[in-house]
Every structure is written in structure tokens, then in C-alpha cells.
Amino acid sequence: MVRGRISRLSVRDVRFPTSLGGHGSDAMHTDPDYSAAYVIIETDAEDGLKGYGITFTLGKGTEVVVCAVNALAHHVLNKNLRDIVNDFRGIYRQLTSDGQLRWIGPEKGVVHLATAAILNALWDLWAKQEGKPLWKLLVDMDPKTLLSCIDFRYISDALTEEEAYEILQKGQAGNKEREVQMLAHGYPAYTTSCAWLGYSDNTLKQLCSVALRDGWTRFKVKVGADLQDDIRRCRLIRDMIGPEKTLMMDANQRWDVPEAVEWVSKLAEFKPLWIEEPTSPDDILGHAAISKALAPLGIGVATGEQCHNRVIFKQLLQANALQFLQIDSCRLGSVNENLSVLLMAQKFGIPVCPHAGGVGLCELVQHLIIFDYISVSASLTNSSCFQD
Ligand SMILES: C[C@H](O)[C@@H](O)CC(=O)C(=O)O
Ligand SMILES: [Mg+2]
């Protein structure tokens, strides 16, 4: 039973000095300090439960997001949690339509990251009050209630609410078996932890052999700064993992469109499953051109960790611009907006492989992808996996 009035919203600036060891480094973010704007929501209910929500940030960027969280807090303070969840689409719309803050979005950038942190905390509190993990709250929710959390504005030309309802209805066939399977075996994952760009070859080798020993079968390597380095590192990792295991590459937006095609063609001998973020995350037609050029080489394009919102995902799908869709639990406006993207991906037949390289993202995104498998896609084909 959902209960309580939101009596307090606090936000902390949490940072880890990961740049010191090159952890999390890539061709664009060479000195990332993994960080989070960490929101805690309290109610006046006697149960003492709190909702915790985060958005992933890097170092000093956190200060700006914390400021935006404080600016948005009044939209939820003093509201009853029951009223919020009974009109979750409305509260999403309210936060994203703030008359003064929308101008510095809209539904993108700092204010959207702040929106995600607040909404993530509300979802966490709702799930806790129901006594369930988030994935189970979503799986058990009837389709109509689930859809009432989604803002279909701007996407109804690609996915109507009626189509989304049909997808969820279809997803109910076999869902109990899939839930049992998830509880018994978990969800397939890949690791990036061996091959951040700032790691030496020795570190890469050492971490890769540990990962192999631990049973990992899918590995992601950072590329994009220097072609000769990439060739050497990709050869090293491919030699270690052998021809059968899966290799992905991630360029973190480093290239122009023609440069991406040329560069990745030179890495094709290492048989990557995908090239991730080959160019600007805003360049939908650029991604489409890269997808088309790399298709004959058997290399797909993955993107999404910096896709602002459901509109960009809609257009990437409409333009055949990606073969692997990478939702991010905090870049989009939390669970509400992620649900719409999972449903669009299903309609377009594109597998979802969430982004999770960051503070708390692995923990958050597993709820979304397990829900996706049980209630939406019903498929593990084409490595719908996520990151260590
Ligand atoms: C800065 C982050 O570590 C980024 O490199 C993560 C990423 O691109 C991924 O996990 O994928
Ligand atoms: Mg990435």
C-alpha cells in the first residue's frame, strides 16, 4: 500500500577519484572521476522507508546537477506518494515542463539528469513500500498502470499507447517461466573493466586473464584515440579471448562520420560485434550512414548512453541508425522514460543492451533489462547484455 507525504528531499555530491588509476577512461573522457548526484526522499509515514535515487556524473559536473535537483525539488515536496504514483505520467510531465527550467533543457542535459535522480528515488520508494525489488514491481504491474507512467508526447508517431499495450499483452505469454529463469540463472553480462583506455597493456593482460578465469565471455575495449594503439590493444585482447568469445569496441563519440567508417574498417579483422558511440550522440543520420557502411563487415552500431531522451531514440530507430540500443537508467528521465524506449525498441525489433559504465548504473539498469526480458522482449538473442 503506497503511503506518506514527501517531507524531505536531500541531495549529496558523491565523488570517487577513479581518474587516479585511469578507471573508466575512454577516448573522450580521459580523466573521469566517477560521481553521482545522490537523492534521498523521506516521507512522514511511520515505516521510516526512504527512496534513494542517483544520476551518474563525472567530477565537478556533479555540482551543477545537485543545483538542478534542488531547483526541481518543490515539484515533489509535500505531495502524497500515492498521488504521485497514481499519476506518474503527470509528475514526469510536471518536472520536465517546469516553466523556467525547461528552457535550459528541454528534456536533456543537466535538468534531465536531475529529473532522473529525483524520479529514480520515487521509484525506489514505491518499490520499497510494496516490498519488492523494482524489476518485480514492474513485472507485476498491470499493463494499463504501467503505461500510465509513460509520457507518449513526441513518440506517438512511432509508438501509440495502443501498440504499447499490445506489446505488453503479448509479453505476458511465458512471463512466469522467464521470471523463474532469471531468478535461477540471472541475465547475461559483458565486462569493460579490463580495457579502459588509460590502462597499460600489462594491466589489460592481467585483468583480462582474471576475467577469463572468472568465466566472462564478452569483453568491451575502448578505442578511438590512436589507431596504432587500438590495433595493438585489440590484437592483444582478441588473442587472449580467442575467436569464439565476443568483443565490442567503444569510441565514446571521438570521430567524424567518414573517419569512423575508415577507422573501424581497419579494426574489422578483430571481429567486433559492435562499435559503440562512433560519433556525436546527436547525429542520427551520421549513425545511419555508419551503420550502412559497416553492415557488410558484420559490425553493428551501438549507442544510447548519451542519448538525451526518447525522441532521439525514436529517430535512431526510425532511421535504422543503430543495431544495439543502449538505454541508460539516469540519462533518460528515469524508469518512466526508459519504459517508453524499451517498448519502441521492441516495436522496431532492436535488442536492448543497457549502458552501465558508471556509479550505480549496473545496479539500476539490471532492473530495467530484467523487466524487458520478462515482460517485453522475451528474448536474449543478439547479446542483450550489459556491463560489469
Ligand atoms: C566515462 C565512462 O567511463 C564511459 O567511458 C563509460 C562508457 O562509455 C561505457 O561504459 O560504455
Ligand atoms: Mg560507452
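Remember, predicted model here, so these are calculated numbers, not experimental data.

Draft legend 1. Up close: the overall build of the protein chain. Helix and strand counts for the protein chain come out as 15 helices and ten strands. In terms of C-alpha radius of gyration, the protein chain reaches 20 Å, essentially the compact-globule figure of 21 Å for 388 residues. Along the three orthogonal principal directions, the C-alpha set of the protein chain runs to about 60 × 45 × 40 Å. Expressed as a percentage of its 388 residues, the buried residues of the protein chain come to 56%. For the protein chain, the proportion of contacts with a sequence separation of at least 24, taken over those separated by at least 6, is 75%. Counting every atom, the protein chain has about 15700 Å² of accessible surface; 52% of that belongs to carbon and sulfur. When the 39 basic and 47 acidic side-chain charges of the protein chain are each reduced to a single mean position, those positions are 1 Å apart.

Draft legend 2. How the structure looks around the domain arrangement of the protein chain. Domain assignment breaks the protein chain into domain 1 (6-131) and domain 2 (170-376). Counting residues at the interface gives 28 residues for domain 1, matched by 31 residues for domain 2. Note on domain 1 versus domain 2: buried area summed over both sides is about 2300 Å², and carbon and sulfur give 60% of it. Linking domain 1 with domain 2 are one salt bridge. Here Glu107 makes a salt bridge to Arg310, at a shortest N to O gap of 2.5 Å. Linking domain 1 with domain 2 are 14 residue pairs in polar contact (both at pLDDT 80 or more), by the criterion used here. Listed by contribution, the elements that provide at least two residues to the side of domain 1 that touches domain 2 are β2 (34-43), β3 (50-58), α3 (88-96) and α4 (109-130). The residue makeup of the side of domain 1 that touches domain 2, split by class, is 14 nonpolar, eleven polar and three charged.

Draft legend 3. Spotlight on the UniProt feature "domain: Mandelate racemase/muconate lactonizing enzyme C-terminal" (unreviewed entry) in the protein chain. UniProt marks residues 201-297 with the feature "domain: Mandelate racemase/muconate lactonizing enzyme C-terminal" (unreviewed entry), using the numbering shown here. The span residues 201-297 is 52% helix and 15% strand, and its two end C-alpha atoms sit 27 Å from each other.

Draft legend 4. Representation of the packing of helix α1 (residues 61-72) against α4 within the structure. The geometry of α1 relative to α4 is characterised by a closest axis approach of 8 Å and an angle of 65° between their N-to-C directions. Between α1 and α4 lies a crossing whose hand is right-handed. Taken together, the residues of α4 that come into contact with α1 (itself represented by Val64, Val65, Ala68, Val69 and Leu72) are Val110, Val111, Leu113, Ala114, Thr115, Ala117 and Ile118. Here the contact of α1 with α4 is built from residues that sort into eleven nonpolar, one polar and no charged.

Draft legend 5. Layout of the side chain of Gln253. With respect to the helices and strands, the residue Gln253 is situated in the loop between β6 (246-250) and α11 (257-267). In contact with Gln253, other than residues within four places in its own chain, are Met28, Glu277, Pro278, Thr279, Pro281 and Gln306.

Draft legend 6. Highlighting the packing of helix α8 (residues 175-185) against helix α15 (residues 361-377). Relative to each other, α8 and α15 sit at 145°, their axes nearing to 8 Å. Along its contact with α8, which presents Asn175, Arg178, Glu179, Gln181 and Met182, the element α15 presents Ile370, Tyr373 and Ile374. Residues belonging to the contact of α8 with α15 are distributed by class as follows: four nonpolar, two polar and two charged.

Draft legend 7. Here's a closer look at the coordination of the magnesium ion (ligand 2). Looking at the metal site, the magnesium ion (ligand 2) is ligated by Asp250 (OD), Glu276 (OE) and Glu305 (OE), spaced 2.0 to 2.1 Å from it. Linear spacing of the donor residues for the magnesium ion (ligand 2) on their chain is D-x25-E-x28-E. Of the two residues, Asp250 sits in strand β6 while Glu305 sits in the loop between β8 (300-303) and α13 (310-318), which places them 55 residues apart along the sequence. The burial state of Asp250 is the same as that of Glu305; both residues are buried.

Draft legend 8. Region of interest: α3. Phe88, Ile91, Tyr92, Leu95 and Thr96 are the residues of α3 that are buried. The arc that holds the buried residues of α3, viewed along the axis, is 130°, so those residues lie on one side. Buried residues in α3 make contact with α1, α2 (81-86), α4, α13 and α14 (334-348).

Draft legend 9. Layout of the confidence of the model for the protein chain. With 98% of its residues at a pLDDT of at least 70, the protein chain reaches an overall mean of 97. Interface confidence for the predicted complex, expressed as ipTM, amounts to 0.99; the pTM equals 0.97.

Draft legend 10. Quick look at the pairing of β3. Bridge count between β2 and β3: nine bridges; the pairing is antiparallel. Its bridge partner being in β3, Tyr34 is matched across the sheet by Leu58. Linking β2 back to β3 in an antiparallel pair, the connection comprises six residues, with Gly48 at a positive phi of about 70°.

Rules used throughout
- Residues numbered from 1 in each chain as written.
- Chains lettered and ligands numbered in written order.
- Predicted model: local features only at pLDDT ≥ 70, side-chain atom pairs only at ≥ 80, totals over all residues.
- Heavy atoms only, no water.
- Helix = DSSP H or I, 4+ residues; strand = E, 2+ residues; numbered from the N terminus.
- Rg over C-alpha atoms; globule rule 2.2 N^0.38 Å.
- Buried < 20%, exposed > 50% of the residue type's maximum accessible area, 1.4 Å probe, protein only.
- Contact = heavy atoms within 4.5 Å.
- Areas by Shrake-Rupley, 256 points an atom, 1.4 Å probe, with all protein chains shown as cover.
- Lys, Arg positive; Asp, Glu negative; His and termini not counted.
- Charge placed at Lys NZ, Arg CZ, Asp CG, Glu CD.
- Domains from an automatic or database assignment.
- Buried area = accessible area lost by both parts, 1.4 Å probe.
- Salt bridge = Lys/Arg side-chain N within 4 Å of Asp/Glu carboxyl O.
- Polar contact = N/O pair within 3.5 Å; in protein donor to acceptor, adjacent residues only side chain to side chain.
- Nonpolar A, V, L, I, M, F, W, Y, C, P; charged D, E, K, R; others polar.
- UniProt positions renumbered as here; feature names shortened; annotations may be inferred.
- Axes fitted to C-alpha atoms, helices over the stretch in contact; angles between N-to-C directions.
- Left-handed = near helix turned anticlockwise from the far one by under 90°.
- Donors = N, O, S within 2.8 Å, 3.2 Å for Na, K, Ca; no water.
- Arc of directions from axis to C-beta.
- pLDDT = per-residue confidence, 0-100.
- Pairing = 2+ DSSP bridges.

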